[in-house]
Amino acid sequence: MALLSDLINLNLSETTEKVIAEYIWVGGSGMDLRSKARTLSGPVSDPAKLPKWNYDGSSTGQAPGEDSEVILYPQAIFKDPFRRGNNILVMCDTYTPAGEPIPTNKRYNAAKIFSHPDVAAEVPWYGIEQEYTLLQKEVKWPIGWPVGGFPGPQGPYYCGIGADKAWGRDIVDAHYKACLYAGINISGINGEVMPGQWEYQVGPSVGISAGDELWVSRYILERITEIAGVVLSFDPKPIQGDWNGAGAHTNYSTKSMRNDGGFEVIKKAIEKLGLRHKEHIAAYGEGNERRLTGRHETADINTFLWGVANRGASIRVGRDTEKACFKHGSLCGHLHDCRNYHPLETIRHPSPSQQACGIVLLEFPEKIVSP
């Protein structure tokens, strides 16, 4: 008698050319991910060769019941680390039957901006540091914490090791390897300042691919936590009090910034961001007023500033980068005001958005943007 695990791990390529494609999209809240699977007649590597599909938008908060059909347009393909073989994960964005992007489809405008020749020529690089918290399923309290109680104060947990400092490493490492298998350019992981909180980095990635990779990395993480019986949280301040919040710090640069004389380009970009600070904060999403207090390595939500190696700044420049600027004029800024970054709704030039922070004519709202 076959066990359930035996059936889950069946290698389809031994008996059929058919493959399973898991179509993924962002739901109506702008934070929730949805997915469903379909069978394809054979392997596919080009999103343009995948069929469009549909779903009931009235059940995801994206369409009324009397006109509920929403169309999925495949945009990016990744290897499926769960089914493996030739099976794939497909990142999609969302449209009406008439072909118009629905309001939660932020990827549509971003893709137009990133494909503009002037933007493409700047080769915008993104490196996104996604922080998250793992919660006990029944009580929604961080894993490793006593129910209704607290661990020792912050200090030993950041990049810590040991059973009394690091909780959830099996999930973190499973996610790390699954992302590499999928083809996501995940560049590292580490334990965060608050126990039960972790971070992974996606990038460097160019343009719209940064958004696609980040969304699929989140999908993979939530699937893994589902298997582990743990709840994944991107809340900016899951625990009140003397505990760090969770962000999605965004490193960004353009070709002009990386070339000789780039430091002046960077400073002009920072000046422009400062002029629109309130507008950007309003777009970064809900809950940041709980995190951006001027404490716990954040800038106050009403204050815009930048500095070298300053973790209390809106934009932080690394010391090595500062030295490189004086030698070569190039820099990659560390953007601090956003959490849950997602470069999929760009409002001005080389930028992503809703849930990002940018540097240089960029605009990133915080609440995860929906493709």
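What comes next is a walk through the structure. Only a predicted model underlies this, so the values are computations on that prediction, with no experimental measurement involved.

Cut-offs used in this document
Residues numbered from 1 in each chain as written. Predicted model: local features only at pLDDT ≥ 70, side-chain atom pairs only at ≥ 80, totals over all residues. Heavy atoms only, no water. Helix = DSSP H or I, 4+ residues; strand = E, 2+ residues; numbered from the N terminus. Buried < 20%, exposed > 50% of the residue type's maximum accessible area, 1.4 Å probe, protein only. Contact = heavy atoms within 4.5 Å. Salt bridge = Lys/Arg side-chain N within 4 Å of Asp/Glu carboxyl O. Arc of directions from axis to C-beta.

1. Concerning the side chain of Arg218
- Relative to the helices and strands, Arg218 resides in helix 5 (residues 208–228).
- Among the residues examined, Arg218 registers a relative accessible area of 1% and is labelled buried.

2. Observations concerning the environment of Ile171
- Position of Ile171 among the secondary structure elements: in helix 4 (residues 169–182).
- Beyond its immediate sequence surroundings of up to four residues, Ile171 is in contact with Leu134, Leu221, Ile224, Thr225, Ala228 and Val230.

3. A short note on the pattern of salt bridges
- The full count for this structure, using the stated rule, is 10 salt bridges.
- A salt bridge links Lys165 to Asp164, with the shortest nitrogen-to-oxygen separation between them at 3.1 Å.
- Put simply, Arg311 and Glu297 hold a salt bridge, and the shortest N to O gap is 3.5 Å. In this pair, Arg311 is assigned in the loop between strand 11 (306–308) and strand 12 (315–317) and Glu297 in the loop between helix 9 (288–291) and strand 11, connecting sequence segments 14 residues apart.

4. Some points on helix 2 (residues 107–114)
- Every buried residue of helix 2 is listed here: Arg107, Ala110, Ile113 and Phe114. What you see down the axis of helix 2 is that its buried residues fit within an arc of 125 degrees, all on one side.
- If you follow the buried residues of helix 2, they end up packed against strand 4 (69–79), strand 5 (88–95), helix 3 (117–121), strand 6 (125–136) and helix 5.

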